[in-house]
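# Close look at the chain arrangement
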Amino acid sequence: MILLEGHLEESVRTSPIIDEVIMKLRTIGLISTLVLGLLAGPLPTEAQQPGKVYRIGYLTFISRGTCSTSSSCIGVRQGLREL
């Protein structure tokens, strides 16, 4: 009886129909794994749009090179930082 069962199992394992079914199941498993992996991944989101950017112009008679040491330029920059 054991020999007969072993013989049947061997014939079923080497059957081209069974091989084809196993190959189709493996293909379906691979495709479903890939699809689930793509769906489970993080979805891209849009970045928050920045608000309006305000620009401030400041006119002075002081040259650009000396503005970093001038008390009026320092005061304006400090006031803007506080805001």
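So, a few notes on the structure that sits alongside this text. (Residues numbered from 1 in each chain as written. Predicted model: local features only at pLDDT ≥ 70, side-chain atom pairs only at ≥ 80, totals over all residues. Heavy atoms only, no water.)

### A look at the pattern of salt bridges
In plain terms, the rule: A pair is scored as a salt bridge if a Lys or Arg side-chain nitrogen falls within 4 Å of a carboxyl oxygen belonging to Asp or Glu. Helix numbering and strand numbering both begin at the N terminus, where a helix is a DSSP run of H or I of at least 4 residues and a strand a DSSP run of E of at least 2. Burial status follows relative accessibility: with a 1.4 Å probe on protein chains alone, a residue under 20% of its type maximum counts as buried, one over 50% as exposed, and anything between as partly exposed.
Applying the stated criterion to the full structure yields one salt bridge. Across the salt bridge formed by K24 and E20, the nearest N and O atoms sit 3.7 Å from each other. Linking K24 with E20, this pair stays in helix α2 (residues 16–40), spanning four residues, or about one helical turn. On the basis of relative accessibility, which here comes to 51%, the residue K24 falls in the exposed class. By relative accessible area, E20 is classed as partly exposed at 47%.

### Points about α2
Heads up, the rule is: How far a helix is expected to stretch is found by multiplying one less than its residue total by 1.5 Å.
End to end, α2 covers 36 Å across 25 residues, agreeing with the expected 36 Å (1.5 Å per residue, within 8%). For α2, the buried fraction is low: zero of the 25 residues fall into the buried class.

### Some thoughts on a nonpolar patch on the surface
The condition is simple: Patch rule: a residue counts if its relative accessible area is over 30% and it has no salt bridge; like charges are joined within 9 Å, and nonpolar side chains (Val, Leu, Ile, Met, Phe, Trp, Tyr) within 5 Å. The method behind every accessible area is Shrake-Rupley, applied with a 1.4 Å probe, and residues are considered shielded solely by the protein chains displayed.
Together, I56, Y58, V76, L80 and L83 make up a nonpolar patch on the protein surface, roughly 540 Å² of accessible area in all. Mapped onto the elements of the fold, V76 is located in helix α3 (residues 71–82). Residue class for V76 comes out partly exposed when judged on its relative accessible area of 30%.

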